[in-house]
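One-letter residues, chain by chain:
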Amino acid sequence: MNGTIAVYPGTFDPITRGHEDLVRRAAEMFDRVIVGVAESRSKRPFFDTDERVDMAREILAPYANVEVRGFSCLLMDFLETCNARIIVRGLRAVSDFEYEFQMAGMNRSLRADVETVFLTPADQYMFISATMVREIASLGGDVSKFVQPSVLVRISAKLAAMSGGN
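How each quantity is defined
- Residues numbered from 1 in each chain as written.
- Predicted model: local features only at pLDDT ≥ 70, side-chain atom pairs only at ≥ 80, totals over all residues.
- Heavy atoms only, no water.
- Helix = DSSP H or I, 4+ residues; strand = E, 2+ residues; numbered from the N terminus.
- Buried < 20%, exposed > 50% of the residue type's maximum accessible area, 1.4 Å probe, protein only.
- Contact = heavy atoms within 4.5 Å.

A.B. asks: In this structure, what is going on with unusual backbone geometry? I would like to understand it.
C.D. replies: Only a minority of non-glycine residues have a phi that is not negative, and only a minority of peptide bonds are not trans. In the segment running from Asp-13 into Pro-14, the intervening peptide bond is cis, with an omega of 0°. Among the secondary structure elements, Pro-14 is positioned in the loop between β1 (5-10) and α1 (17-29). Unlike most non-glycine residues, Phe-12 shows phi in positive territory, near 50°. Relative to the elements of secondary structure, Phe-12 occurs in the loop between β1 and α1. By relative accessible area, Phe-12 is classed as buried at 3%. Notably, Asn-83 is not glycine yet its phi reads approximately 60°, a positive angle. The residue Asn-83 is located in the loop between α3 (75-82) and β4 (86-90) in this model.

See below:
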């Protein structure tokens, strides 16, 4: 695909091995992949936008054709600034499909030239969600197999700071 730019948007709160798997595969399919880290105040993220961008940049650094940018505007406006017309979205289960299908239709109604490409993560990442990772970690569970070590360090530090520890 000559000069094809795809945007993989999300909150990435935090970036998981499942996210990384999808980015790796999208990077093989498209000339450039821009990981768009949404500000998403309504979701009340665990990490602020800058922290999430930093984590994603660190984890995705090995992929030469991947760039990470934060954004706080409408996704269609972000695509415009990226000169992209492809959205990459991950589907873990049938339950994801209904929401993602609705979003793809809405995005196409806003911009008819935009296509959404759905990817499924590898089997070992099928059940991972950032929400579950945060929940398990906040209850003292081990999330080391779901996130890279540097992300685990940040989760531990954030939880310690929230509980008044060091």
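From this point, the narrative continues.
A.B. asks: Please explain the side chain of Asn-107 as it appears in this structure.
C.D. replies: The topology assignment puts Asn-107 in helix α4 (residues 94-110). With relative accessibility at 8%, the residue Asn-107 sits in the buried group. Excluding residues that lie within four positions of it along the chain, Asn-107 makes contacts with Leu-75, Met-76 and Ile-87.

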